[in-house]
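# Analysis of the macromolecular model
Residue strings, one per chain:
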Amino acid sequence: MRLRLYGRAYCHLCEEMAGALERLREELRFSVEVFDVDEDRELESRFGERVPVLTDDTGAEICHYHLDETRLRSVLVDARGERGAMR
């Protein structure tokens, strides 16, 4: 699954979430696409100061400000279950 992390270059919470995701990436088998909200007016308007925000590949929010590892694991398990059922 591909996750999306919306944040800012100068944001310590964004750096912390990115680091936590990197530590889990191989174990949980996901990739992360990072977006700097300051580089896109629409994203800056959408998120404002509410970063970091982690979403799944459908755009549904998983968590914000701090990584919710329990929620992330649940989302990944659910996504794999749905994909497995479709096969």
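Residues numbered from 1 in each chain as written. Predicted model: local features only at pLDDT ≥ 70, side-chain atom pairs only at ≥ 80, totals over all residues. Heavy atoms only, no water.

Moving on, we get to the pairing of strand β1 (residues 2-7). In this sheet, strand β2 (residues 31-36) lies alongside β1 in parallel orientation, the contact comprising six bridges. Counterpart to Arg2 in the pairing with β2 is Ser31. Where the polypeptide runs from β1 across helix α1 (residues 12-28) and back to β2, its parallel neighbour, the crossover connection is right-handed. Pairing of β1 with strand β3 (residues 53-55) involves three bridges; the strand directions are antiparallel. Along β3, the bridge assignment pairs Arg4 with Thr55. (Pairing = 2+ DSSP bridges. Helix = DSSP H or I, 4+ residues; strand = E, 2+ residues; numbered from the N terminus. Right-handed = clockwise from strand over helix to strand, strands pointing away.)

The next thing to look at is the side chain of Arg8. By the element assignment, Arg8 lies in the loop between β1 and α1. When its relative accessible area of 6% is taken as the criterion, Arg8 is described as buried. Each residue touching Arg8, except ones within four places of it in the same chain, is listed here: Cys14, Asp36, Val37, Asp38, Glu44, Gly48, Glu49 and Val51. (Buried < 20%, exposed > 50% of the residue type's maximum accessible area, 1.4 Å probe, protein only. Contact = heavy atoms within 4.5 Å.)

Quick look at the packing of aromatic side chains now. If you walk through the whole model with that rule in mind, you get two aromatic pairs. Taking 5.1 Å as the distance between ring centres and 20 degrees as the angle between the ring planes, the aromatic pair formed by Tyr6 and Phe35 counts as stacked. Here Tyr6 is found in strand β1, whereas its partner Phe35 is found in strand β2, with 29 residues between them in sequence. An aromatic cluster of three or more residues is present, and its members are Tyr6, Phe35 and Phe47. Across from the ring centre of Tyr6, 5.5 Å away, lies the NZ or CZ of Arg46, which sits over that ring. (Phe/Tyr/Trp six-rings, centres within 6.5 Å; stacked < 30°, edge-to-face > 60°. Lys NZ or Arg CZ within 6 Å of the ring centre and 35° of its normal.)

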